[in-house]
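# Structural overview
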Amino acid sequence: MESPMRPWKITTAVAVIAAAAAYVHFNGEPAVLSGLLAKPADAAAPAAAHQAMPVPVTSVVKKTLPVYLDYTARTEAIRTVALQAKVSGYILEQAANDGADVKKGDLLYKIDPRDYQVALDQVKAQAQRNQASLEYTKASLTRGNDLIKTGFLSKDGLDLRSSTMQQGEASVAADKAAIEAAQINLGYTEIHAPFDGRLGRNQATVGTLVNVGGTSLNTLVQISPVYVTFTPSEGDLVLIQKARTNGAIAAEVSVPGDKNASRKGELTFIDNKVDAATGTIIARATIANDDRSLLPGQYVNIRLLVGETPNTLLVPQVALGSSQLGKYVYVIDEGNKVGMRLVELGQTDGELVAITKGISETDKIISGNLQKIGPGMPVNPQTASPAPAPAS
């Protein structure tokens, strides 16, 4: 409900203003009215003129910065073998499951050994018979040597006994070789891991008849350590070769999308020629893969440490601005006014970025409110929190 006093107040205010206007008209003193009406606005103007935009300010960071070369790469297994049977027979047992991590010497497959055990027993029995025959011929030769002295044995008879003994010795030697061959074939009925690695998918189930040189039973790959292959350019090759003269080049591998996990290693191979079509060369690093999470053929990123750049100037990445002239930063100039510096960028280091040209070590960099300020504007500098150090 409207107050009954309000119309009376409005009428009174209008009457006062009209009276003042009439007074000015007839007495020629406009300054009185203009002073009354303009005084509040004129009083606020000086206060607005002295108000400056508060901006966070940070110092330029100076440090020795590592020089990295980054590439996309693929992992490769150091060793890969197809497990094949060396003897024919039926698969009796698969001792390791598909995809299992195995150690060198672990039993992987077993082929029915009965046929090969029988063959070994046969050659052993043959060796025992021939050994017994040899013992007899030796004794016969010894007696012949005594008889020939008394004339009861001819020279030809003695030579026959000597020949028989030598044939027996040869038979025993052949039996030893046959026993060894039979033992080897019996050993082939068990397939063991030739190195530490991981099995693939089984290709021969229990009961399958396998033959020598037939379909592989499975594959075994070594995945710890692992190769990482990449292709640096000719220009990068110069930097890499220079760095190699100072010692091994450290390498760090990361998986896209997994920023927390990185694996260490070193550059171990550079090919002996540059591909003329692409201007690149094949290089390879050997990377520790203790958790066996990297698999052959996987896409990864690799970073090589090829040197260091001392006295590098860095600023927060959030302090960078862009214009048609290029990248720039705002600095605090004399009188706390905004100055603009066009800059050239280097590599990043955590939340910082290297500046190769455009600033000095003593500059104070404005790191916030960039959209609200411009060159020449007065500002109120306030110390900003330092950027967090990059992870090592």
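Located above this text is the structure these notes cover.
## A short note on the overall build of the protein chain
If you tally the helices and strands in the protein chain, you get five helices and 22 strands. Counting all 392 residues of the protein chain, 30% fall into the buried class. For the protein chain, the proportion of contacts with a sequence separation of at least 24, taken over those separated by at least 6, is 74%.

## Regarding the nonpolar core
Grouped together as the largest cluster of nonpolar side chains are 24 residues, with contacts concentrated most on Phe 230, Ile 240, Ile 302 and Leu 304. Where this core is concerned, the elements lending two or more residues are strand 2 (61-76), strand 11 (226-230), helix 5 (234-244), strand 12 (250-255), strand 13 (258-270), strand 14 (283-287) and strand 15 (299-316). In terms of residue count, strand 15 provides more of this core than any other element does, four residues in total. Counting residues in hydrophobic clusters, the runner-up holds 23 residues, among them Leu 108, Leu 186, Leu 199 and Val 210.

## Describing the sheet that holds strand 9 (residues 209-210)
Here we have four strands laid out as an open sheet, ordered 7-6-4-9, and antiparallel in their pairing. Single-partner strands in this sheet number two, and they are strand 7 (190-192) and strand 9. Alignment of strand 4 (residues 89-94) against strand 6 (residues 107-111), held across three bridges, turns out to be antiparallel. Within strand 6, the position partnered with Ile 91 by the bridge is Ile 111.

## Some details on the sheet that holds strand 3 (residues 80-83)
With antiparallel pairing, four strands are arranged side by side in an open sheet as 3-10-8-5. Single-partner strands in this sheet number two, and they are strand 3 and strand 5 (101-102). Relative to strand 8 (residues 197-199), strand 5 runs antiparallel, the two sharing two bridges. What sits directly across from Asp 101, in strand 8, is Arg 198.

## What about unusual backbone geometry?
Look at the link from Ser 224 to Pro 225: it is a cis peptide, with omega at 0°. Structurally, the position occupied by Pro 225 is in the loop between strand 10 (218-221) and strand 11. The phi dihedral of Arg 292 is positive, around 55°, even though this residue is not glycine. With respect to the helices and strands, the residue Arg 292 is situated in the loop between strand 14 and strand 15. Residue class for Arg 292 comes out buried when judged on its relative accessible area of 17%. Non-glycine residue Asn 311 carries a positive phi angle of around 55°. On the secondary structure map, Asn 311 appears in strand 15.

## Overview of a nonpolar patch on the surface
On the surface, Leu 325, Met 340 and Leu 342 cluster together into a nonpolar patch covering about 300 Å² of accessible area. Turning to its location among the elements, Leu 342 is positioned in strand 18 (residues 337-342).

## Examining the pairing of strand 19 (residues 344-349)
Sheet faces and side chains relate simply in a regular strand, where the side chains alternate between the two faces. Where strand 19 and strand 20 (residues 352-357) come together, four bridges link them in antiparallel fashion. Looking across to strand 20, one finds that Leu 345 is bridged to Ile 355. Two successive antiparallel strands, strand 19 and strand 20, enclose a turn made up of two residues, where Gly 350 displays a positive phi of approximately 70°.

Conventions we followed
- Residues numbered from 1 in each chain as written.
- Predicted model: local features only at pLDDT ≥ 70, side-chain atom pairs only at ≥ 80, totals over all residues.
- Heavy atoms only, no water.
- Helix = DSSP H or I, 4+ residues; strand = E, 2+ residues; numbered from the N terminus.
- Buried < 20%, exposed > 50% of the residue type's maximum accessible area, 1.4 Å probe, protein only.
- Contact = heavy atoms within 4.5 Å.
- Core = buried A, V, L, I, M, F, W, Y, C linked by side-chain atoms within 4.5 Å.
- Pairing = 2+ DSSP bridges.
- Patch = residues over 30% accessible without salt bridge, like charges linked within 9 Å, V, L, I, M, F, W, Y side chains within 5 Å.
- Areas by Shrake-Rupley, 256 points an atom, 1.4 Å probe, with all protein chains shown as cover.
- Salt bridge = Lys/Arg side-chain N within 4 Å of Asp/Glu carboxyl O.

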